[in-house]
Amino acid sequence: MFKLVTIALRNVFRYKRRTLLTISLIGIGVAFVLVFVSVTASFKSLMISEITDSMLGHVQIHRKGYVASLDSLPLNLNLGPQAIKTVEETLAGFPEILAFSPRIKFGGVFSNFIESTNIRVNAVDPDKETATVPLLSSRIIEGSRTIAPGTILVPELLARGMKVKIGDVAVVVATNEDGSVNGFQFTVGGILRSVTGPGGRDGYIHIEDGRRILRLEEPSVSEVAVRLKKIGSRDEVVARLEKTLGEHKNAQGRPVFEIHGWTKLTPFFNIVQMIDVMTFFIQLMLIAVVLISIMNVMLMAVYERTREIGTMAAIGTQPGRIISLFLLEGLGLGLLGAAAGAALGSLAVVLLNVSQVRFNFGQQKGLILSSKMNPVDILTISLIVVAVTLLASLRPARRASALDPIKALRQV
Amino acid sequence: MDLVVAESISKDYVNGKVRIRALNDVSFRVGGGTFVSFVGPSGSGKTTLLNLIGCLDRPTSGRLRVAGTDVAGLDRRKGARFRGRHLGFIFQDFNLIPVLTVAENVEYPLVMVRGVEGGKRRAKVARLVEAVGMADERDKFPDQLSGGQKQRVAIARALVTEPDLVLADEPTANLDSHTAGLIIRLMKSMRDTLGTTFVFSTHDMRIVDAVDVVHTLRDGTLVKAADPGPGREGESRV
Ligand SMILES: Nc1ncnc2c1ncn2[C@@H]1O[C@H](COP(=O)(O)OP(=O)(O)O)[C@@H](O)[C@H]1O
Ligand SMILES: [Mg+2]
């Protein structure tokens, strides 16, 4: 076996130029895939954290049917005091949960006394909200970092359109659940950078102000946003929450709550999935490149070394040994190519990080892409390459082992 | 005991609709330890015959026993095992493995064919490389050797497994006559020291002096029996 490896390796280095060419081809392919995977992975996680850490949270809990009519922010689908208590008690029993924030959401009219416009408002507890969506405070481009009672955080576009500044007084008028309207004066406490996606252009007020403006006699919230310790535990936590909270039925025997992971709440999840599909196709291309180049170079080797193979067979080398020899040669090429690719790819990623590539995502400008080479990716891609090399070498190897020694020896 | 027993073997090559009879009703025996040559002009069937004895091809008809085995019935795998166990091959074009050194080429059949264990292997290799006078070149690669040196290595490779029979198809055809003489003498001295049977083919009549038995082939038929060499028994039946 050891000798077989020696012979295989020496044969790999026997045709230096061809081997170098094949290794470079595979190496460049592997490097390309690795860079693509690591860049898209960091882009993905950046995008996901922009969305989930700015407004969505990782998981949201609503009254059943709320998400379906989310556009109208229906007050009649809020969670009542009993439901809130149930949710809070349930969430307390989940060690995976880092924080949660109850929100009252409603649509209203924002007026600067000269003109008015529609606004969507989140009434939140500032501490709980920032614990649940930590990027919220970093979105405040001007003014106070927190949401004091009596103040409102106004989204950037609305502030510009309505020409309001920090310290200005504005009125928010909201329709209450019974159909009456109620107005309330706020001081503009801060201007919020907009974020692409649902909820990215909402205003924020203190939850107590929300109760007053909506004239809620008893506590009621539209949703509870939840932050997990690990975003990856989303599906599992959602499933367990569905099980626990699903036991609570209303008078009609229907479940009271609905629970959604962030992937169900934003169309950007489709982009994330598209990136995965692209990665898949790029890997397919790599497989094709490896398959064709290895198969080609191995068939060439078998053709050129026909006499040699004939000699080996004539002096009694078993066909299985000859197959192994050529598989090992292919494997050697694949391993060298994968190693070259891993090195090249890692270098490219380091260079990319050093050069601080910036890109824009929706309203956010100049995000810095900092990608990391994931060892698991390197391992996966290398394994794919090795498996494909073996596959590609199989035909040439079998052809070599099936050569008739007489014919092979006659060939010049 | 006779190492090779051929009883009216014939070999036809079929190329499309054309049928070429390369060997026609050939019978002979090769006794153990003899130094036998098949002689004849090009196209007379020497290679065909050696391929049959070497278990690389099968006769179209007739019976052929080599080292006590009816070689007509061997499949690919068994044929390879049989060759590895009982036969050694020397080729006209030397056919050393280019990526292996002299010593490694000699070692090859021990490792890859016979699976002989390391220490024993090295001793055998050293002995054979020495015996063919290639000890100083043991770490050279084939492309650093002359034709005669390559054929010496090939002889060592053929003998290292201690085969019953060494087959050599025109082993001197690619060598100058002086070197050819040296190679034949080397083969013969190996036969003398090891007792290995040698069967080779040649169209070079000068070499024939050295052999115990000469079989002459013409157009696929054995034409005459030569005198057995002094002290060696051999026979051929037409
Ligand atoms: N594979 C083959 N197909 C058809 N004819 C062959 C083949 N091999 C040899 N022959 C023919 O068989 C005859 C004997 O050839 P060969 O055994 O090679 O003779 P030698 O080795 O004495 O030159 C020749 O006529 C040759 O053309
Ligand atoms: Mg011939």
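Nothing here was measured: the structure is a model prediction, and the numbers come from that model.

Draft legend 1. Expanded view of the overall build of chain B. In terms of regular secondary structure, chain B is built from six helices and ten strands. Over its C-alpha trace chain B gives a radius of gyration of 17 Å, about what one expects of a compact globule, namely 18 Å for 238 residues. Principal-axis analysis of the C-alpha atoms gives chain B an extent of 45 × 40 × 35 Å. The buried share among the 238 residues of chain B stands at 55%. Pairs at least 24 apart in sequence give 70% of the contacts found in chain B among residues at least 6 apart. Here chain B displays about 10300 Å² of accessible surface, and carbon together with sulfur accounts for 46% of that area. Taking the average location of the 34 positive side-chain charges in chain B and that of its 29 negative ones, the two points are 5 Å from each other.

Draft legend 2. Broad picture of the environment of Ser 233 of chain A. Residues and elements named next belong to chain A. Structurally, Ser 233 is set in the loop between strand E9 (223-228) and helix H7 (234-246). According to the relative accessible area criterion, Ser 233 is buried, its value standing at 14%. On a C-alpha basis, the gap between Ser 233 and Ile 97 in space is 9.6 Å, while along the polypeptide they are 136 residues apart. Every residue in contact with Ser 233, bar those within four places of it in the chain, is listed here: Glu 96 and Leu 228.

Draft legend 3. Spatial organisation of helix H9 (residues 306-314) of chain A. All names here are of chain A. Across the nine residues of H9, nine count as buried, placing the element largely inside the fold. The set of residues buried in H9 consists of Thr 306, Arg 307, Glu 308, Ile 309, Gly 310, Thr 311, Met 312, Ala 313 and Ala 314. Gly 316 lies just past H9 and shows a positive phi near 110°.

Draft legend 4. Representation of the interface of chain A and chain B. Across the contact, 25 residues belong to chain A and 26 residues belong to chain B. Counting the surface lost from both chain A and chain B, the interface buries some 2400 Å², and carbon and sulfur atoms represent 60% of this. Taken together, the connections running from chain A to chain B amount to three salt bridges. The interface formed by chain A and chain B holds 13 residue pairs in polar contact (both at pLDDT 80 or more) in total. Contributions of two or more residues to the side of chain A that touches chain B are made by helix H1 (2-12), H9, helix H10 (319-354) and helix H12 (405-410) of chain A. In terms of residues, the side of chain A that touches chain B owes the most to one element, H9 of chain A, which gives six residues. A breakdown of the residues in the side of chain A that touches chain B according to their chemical character gives twelve nonpolar, six polar and seven charged.

Draft legend 5. Up close: the nonpolar core. Judged by nonpolar contacts, the single largest core of 83 residues is most densely connected at Phe 28, Phe 38, Ile 53 and Val 66 of chain B. Ranked by residues supplied to this core, first place goes to H10 of chain A with ten residues. Residue contacts for Phe 38 of chain B: discarding those within four places in its chain leaves Phe 28, Lys 46, Leu 49, Leu 50, Ile 53, Val 199, Phe 200, Ser 201, Thr 202, His 215, Leu 217 and Leu 222 of chain B. Among the nonpolar cores identified, the runner-up in size contains 45 residues, and Val 87, Ile 119, Ile 152 and Val 224 of chain A belong to it.

Draft legend 6. Structural view of the site of ligand 1. Inspection of the region around ligand 1 gives 13 residues, with Gly 43, Gly 45, Lys 46, Thr 47 and Thr 48 of chain B positioned closest. Contact distances for ligand 1 include 3.4 Å between a nitrogen atom and a side-chain N or O atom of Arg 410 of chain A. Within the backbone of Gly 43 of chain B, one N or O atom sits 2.7 Å away from an oxygen atom of ligand 1. Out of a free accessible area of 550 Å², ligand 1 has 71% covered by protein chains.

Draft legend 7. Examining a nonpolar patch on the surface more closely. Residues Val 277, Phe 280, Phe 281 and Leu 284 of chain A make up a contiguous nonpolar surface patch of about 380 Å² in total accessible area. Examined against the element boundaries, Val 277 of chain A turns out to sit in helix H8 (residues 268-304).

Draft legend 8. Quick look at the sheet that holds strand E5 (residues 69-70) of chain B. Residue and element names in this part refer to chain B. Pairing in this open sheet of four strands is antiparallel, and the strands run E2-E1-E4-E5 from one edge to the other. The open sheet terminates on both sides in strands that have one partner only, identified here as strand E2 (18-31) and E5. Here strand E4 (residues 61-66) pairs with E5 via two bridges, running antiparallel. Across the sheet, the residue bridging to Arg 65 is Asp 70, located in E5.

Draft legend 9. Structural detail: the layout of surface pockets. Computed from the structure, the largest pocket encloses a volume of approximately 1000 Å³. If you trace the largest pocket, you find 43 residues lining it, with Pro 405, Ile 406 and Lys 407 of chain A together with Asn 51 and Leu 56 of chain B closest to the centre. Counting only elements with at least two residues in the lining of the largest pocket, the list comes to H9, H10 and H12 of chain A together with strand E1 (2-15), helix H1 (46-53), helix H2 (76-86), strand E6 (87-90) and strand E7 (165-169) of chain B. Along the lines of polarity and charge, the residues of the lining of the largest pocket split into 20 nonpolar, nine polar and 14 charged.

Draft legend 10. Molecular detail of a negative patch on the surface. On the surface, Glu 177, Asp 178, Glu 217 and Glu 218 of chain A cluster together to form a negatively charged patch. Its place among the elements puts Glu 218 of chain A in the loop between helix H6 (207-213) and E9.

Draft legend 11. Spatial organisation of the pattern of salt bridges. Within the structure shown, the criterion is met by 32 salt bridges over all chains. Ionic pairing is found between Arg 63 of chain B and Glu 7 of chain B, a salt bridge with its closest N-O pair at 3.4 Å. Residue Arg 63 of chain B is located in strand E4, and its partner Glu 7 of chain B is located in strand E1; the two are separated by 56 residues in the primary sequence. By relative accessible area, which is 41% here, Arg 63 of chain B ends up partly exposed. A salt bridge links Arg 121 of chain B to Glu 107 of chain B; the shortest N-O distance between them is 2.8 Å. Linking Arg 121 of chain B in helix H4 (residues 118-131) with Glu 107 of chain B in helix H3 (residues 102-114), this pair joins segments that are 14 residues apart in sequence. Note on accessibility: Arg 121 of chain B and Glu 107 of chain B belong to one class, buried. Each of Arg 14, Arg 305, Glu 308 and Glu 329 of chain A takes part in salt bridges that share partners, so that together they form one network.

Draft legend 12. Focus on a positive patch on the surface. Residues and elements named next belong to chain B. A cluster of basic residues, Arg 76, Arg 77, Lys 78, Arg 81, Arg 85 and Arg 114, forms a positive patch on the protein surface. At five residues, the largest contribution of residues to the positive patch is made by H2. Within the element layout of this structure, Lys 78 appears in helix H2. Since its relative accessible area comes to 49%, Lys 78 is described here as partly exposed.

Reading the values: rules and limits
Residues numbered from 1 in each chain as written. Chains lettered and ligands numbered in written order. Predicted model: local features only at pLDDT ≥ 70, side-chain atom pairs only at ≥ 80, totals over all residues. Heavy atoms only, no water. Helix = DSSP H or I, 4+ residues; strand = E, 2+ residues; numbered from the N terminus. Rg over C-alpha atoms; globule rule 2.2 N^0.38 Å. Buried < 20%, exposed > 50% of the residue type's maximum accessible area, 1.4 Å probe, protein only. Contact = heavy atoms within 4.5 Å. Areas by Shrake-Rupley, 256 points an atom, 1.4 Å probe, with all protein chains shown as cover. Lys, Arg positive; Asp, Glu negative; His and termini not counted. Charge placed at Lys NZ, Arg CZ, Asp CG, Glu CD. Buried area = accessible area lost by both parts, 1.4 Å probe. Salt bridge = Lys/Arg side-chain N within 4 Å of Asp/Glu carboxyl O. Polar contact = N/O pair within 3.5 Å; in protein donor to acceptor, adjacent residues only side chain to side chain. Nonpolar A, V, L, I, M, F, W, Y, C, P; charged D, E, K, R; others polar. Core = buried A, V, L, I, M, F, W, Y, C linked by side-chain atoms within 4.5 Å. Near = heavy atom within 4 Å. Patch = residues over 30% accessible without salt bridge, like charges linked within 9 Å, V, L, I, M, F, W, Y side chains within 5 Å. Pairing = 2+ DSSP bridges. 1 Å grid on protein atoms, 1.4 Å probe; cavity = no way out; pocket = protein on both sides within 12 Å on 5 of 7 lines; lining within 4 Å. Points joined across faces, edges and corners; volume = space filled by probe spheres on them.

None of the figures reported here should be taken as evidence of function without further support.
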